[in-house]
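Here are the chains, one letter per residue:
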Amino acid sequence: MARIIVVTSGKGGVGKTTTSAAIAMGLAKRGHKTAVIDFDVGLRNLDLIMGCERRVVYDFVNVINGEATLNQALIRDKNCNQLYILPASQTRDKDALSQEGVGRILDELKKDFKYIVCDSPAGIERGAFLAMYYADDAFIVTNPEVSSVRDSDRMLGILSSKSRRAEHNEEPIKEYLLLTRYSPERVKLGEMLSVDDVQEILSLHLLGVIPESKSVLNASNSGTPVILDEKSDAGQAYADVIARYLGEDRPHRFIDEKKGLFGKLFGSK
Amino acid sequence: MPTDSQHSNYHPPALEFKSTTFSAPVLVLANNDVIIIEHQLQEKIQLAPEFFKNSPVVIDLQELNKQKLDIDINELVNMLHSLDFLPIGIRGATTQQLNKALDLSIPAHTGQNQALLIDNTKPQPAKPIPTAEDSASPERTTLIIQPIRSGQRIYAHGDLIVLAQVSAGAEILAEGNIHVYGSLRGRALAGVQGNIEARIFCSDLQAELISIAGTYKISEDLTEMVRNRPVQICLQNNTLTIKDL
Ligand SMILES: Nc1ncnc2c1ncn2[C@@H]1O[C@H](COP(=O)(O)OP(=O)(O)OP(=O)(O)O)[C@@H](O)[C@H]1O
Ligand SMILES: [Mg+2]
């Protein structure tokens, strides 16, 4: 059975697109046929991170409008032949996506792909709604700071009440926490929330902690998902995430247990 | 010739351990008289008989032990069983109490969190959040088992019982009492139709706002004495009073 994964956060700039690219590549590298869709209509940058921006002919909106077939729009990744990218449109606005149209495309993709990764735009408006509506699993991308955690909590509320699964009274979307841009040093200094602080507020299954890393910038500059940089800490952290998602046991790395800002402000419990 | 042990390598795994977070009510005791506890528990059960039937419960003896009050574990557990509670853990206990509990197959729960860790391979699908229209009779108790997240709003015509956390930015309202068996970080308003007898009970008070029949306190008004503690909140002479549970 195909699974639809939404990568979402509420807050902008926390690492959704970086994560979408990494996990789509990670799943594909494991031999699972995977498609990754850019839902950020008007601000496309998944294709940049995936290094296929110069091969975009048709996009998601063209397919929804019937101006191109799915096969014409899907771009095969240059590093992995199990991975396909469906880019967003740069020239339309977000109203170009219809709920019915998105559902139709996802249904078509499900016939052919094992995993479909939806890179959500920021916010809780229409684009983010459509990206999460049909999801089976949600990767909640959160930075270790209060406003990001709060927005993730808000998004979790939307997942549990507005998704297709919620509306149809089906088993709820499986929610996983991904803590990104984590810096143990700054946690130690009390400038950031610790893993425990975030877990205390969100109580979610922690899929992984991605450290703040220069390798992410290098990867996006060269248009290769950071998970392919196997020597980098962020690349390894994303590889762990994939392993855990697929049911393997991996100890958490790149975490410092020291108390963060939250612990200092409110005392330990 | 393949031996038996080689052969058994081909069996797919029959089990796996997974760890999930699981909420359960914590029974924080402030009195070591089992008769009195039984009496007060019966009153609570009256509020929501269906909900408490066969409910798991974690026994918390921290308060008692702070006051150097011992309690007969056997007697306590027997009483809980007679009321259809299923004790699944104990915390804040002395070594002696722990050993007695272990004899009764009740393990120690050392974590300080409200969330209880038990192995549970299939998490129960969460029920949808009931809305105002869902409650048929005005007296009915509304039970919520999943976290109430920021931006969500729950209205109960009768009492409201929440078995999980209420996030900052969430709002829960009830015409009757409110019970929260998790961290209360959002806004909680009981007796919203003017019932001055309504109360709020919670196991960890961190609320942004608490209100009974329109009389309210905001987060800033909560002293360190009551913050992060199990408390009950009621109206006394038109003032909101917060007492330790
Ligand atoms: N682990 C990391 N270490 C260092 N920088 C990172 C990390 N993850 C993401 N970044 C950087 O943060 C910025 C935002 O990342 P990204 O575009 O993935 O976020 P986003 O959530 O998709 O943003 P938007 O909400 O605008 O879509 C980028 O500059 C990216 O390089
Ligand atoms: Mg993005």
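In case you missed it, the structure is sitting above this.
Here we summarise the structure given alongside this text. (Residues numbered from 1 in each chain as written. Chains lettered and ligands numbered in written order. Predicted model: local features only at pLDDT ≥ 70, side-chain atom pairs only at ≥ 80, totals over all residues. Heavy atoms only, no water.)

**Some details on the overall build of chain B**
Scanning chain B from N- to C-terminus turns up six helices and 16 strands. When contacts within chain B are restricted to residue pairs at least 6 apart in sequence, long-range pairs at least 24 apart make up 40% of them. On chain B, roughly 13,200 Å² of surface is accessible, and the fraction owed to carbon and sulfur atoms is 52%. (Helix = DSSP H or I, 4+ residues; strand = E, 2+ residues; numbered from the N terminus. Contact = heavy atoms within 4.5 Å. Areas by Shrake-Rupley, 256 points an atom, 1.4 Å probe, with all protein chains shown as cover.)

**A short note on the overall build of chain A**
In terms of helices and strands, chain A carries 13 helices and eight strands. For 269 residues, the compact-globule formula gives about 18 Å, and the C-alpha radius of gyration of chain A, at 18 Å, lands near that figure. In chain A, which comprises 269 residues, the proportion classed as buried is 54%. Taking the contacts inside chain A whose residues are at least 6 apart along the sequence as the reference set, 74% of them involve residues at least 24 apart. Taken as a whole, chain A presents about 11,500 Å² of accessible surface, with 47% of it coming from carbon and sulfur. (Rg over C-alpha atoms; globule rule 2.2 N^0.38 Å. Buried < 20%, exposed > 50% of the residue type's maximum accessible area, 1.4 Å probe, protein only.)

**Section: helix 1 (residues 16–29) of chain A**
Residues and elements named next belong to chain A. Helix length check: helix 1, at 14 residues, gives a terminal C-alpha distance of 20 Å against a target of 20 Å (1.5 Å per residue), a fit within 8%. Across the 14 residues of helix 1, twelve count as buried, placing the element largely inside the fold. Where helix 1 is concerned, the buried positions are K16, T17, T19, S20, A21, A22, I23, A24, M25, G26, L27 and A28. (Expected span 1.5 Å × (residues − 1).)

**Things to note about the sheet that holds strand 10 (residues 178–184) of chain B**
Backbone-to-backbone hydrogen bonds pair the strands of a sheet. The strands run either parallel or antiparallel. Residues and elements named next belong to chain B. Pairing is mixed in the open sheet, where six strands are placed in the order 6-8-10-12-15-16. Pairing within the sheet leaves two strands with one partner each, and these edge strands are strand 6 (142–144) and strand 16 (239–244). The mean inter-strand angle of the sheet, taken between neighbouring strand axes irrespective of direction, is 20°. Where strand 15 (residues 231–236) meets strand 16, six bridges bridge the pair, whose relative direction is antiparallel. (Pairing = 2+ DSSP bridges. Axes fitted to C-alpha atoms, helices over the stretch in contact; angles between N-to-C directions.)

**Considering unusual backbone geometry**
Residue and element names in this part refer to chain B. With a phi close to 50°, N237 is a non-glycine residue in the positive phi region. Mapped onto the secondary structure, N237 falls in the loop between strand 15 and strand 16. Phi at N238 is positive, roughly 65°, even though this residue is not glycine. As for its placement among the helices and strands, N238 is situated in the loop between strand 15 and strand 16.

**Notes on the site of ligand 1**
Residue and element names in this part refer to chain A. The full set close to ligand 1 counts 15 residues, and K16, T17, T18, R181 and S213 are the nearest of them. Contact distances for ligand 1 include 2.8 Å between an oxygen atom and a side-chain N or O atom of R181. Elements supplying a minimum of two residues to the shell around ligand 1: helix 1 and strand 8 (205–211). For the shell around ligand 1, the element with the highest residue contribution is helix 1, accounting for three residues. (Near = heavy atom within 4 Å. Polar contact = N/O pair within 3.5 Å; in protein donor to acceptor, adjacent residues only side chain to side chain.)

**Brief notes about the interface of chain B and chain A**
Think of interface size as the accessible area that goes away when the parts come together; that is how it is often given. At the junction of the two partners, chain B supplies 17 residues and chain A supplies 18 residues. Per-residue buried area on chain B facing chain A is highest for R149, S150 and R185 of chain B; these three make up 32% of the total on that side. At the junction of chain B with chain A, the criterion picks out two salt bridges. In this structure, the salt-bridge partner of R185 of chain B is E200 of chain A, at a minimum N-O distance of 3.3 Å. Where chain B touches chain A, the interface holds eight residue pairs in polar contact (both at pLDDT 80 or more). (Buried area = accessible area lost by both parts, 1.4 Å probe. Salt bridge = Lys/Arg side-chain N within 4 Å of Asp/Glu carboxyl O.)

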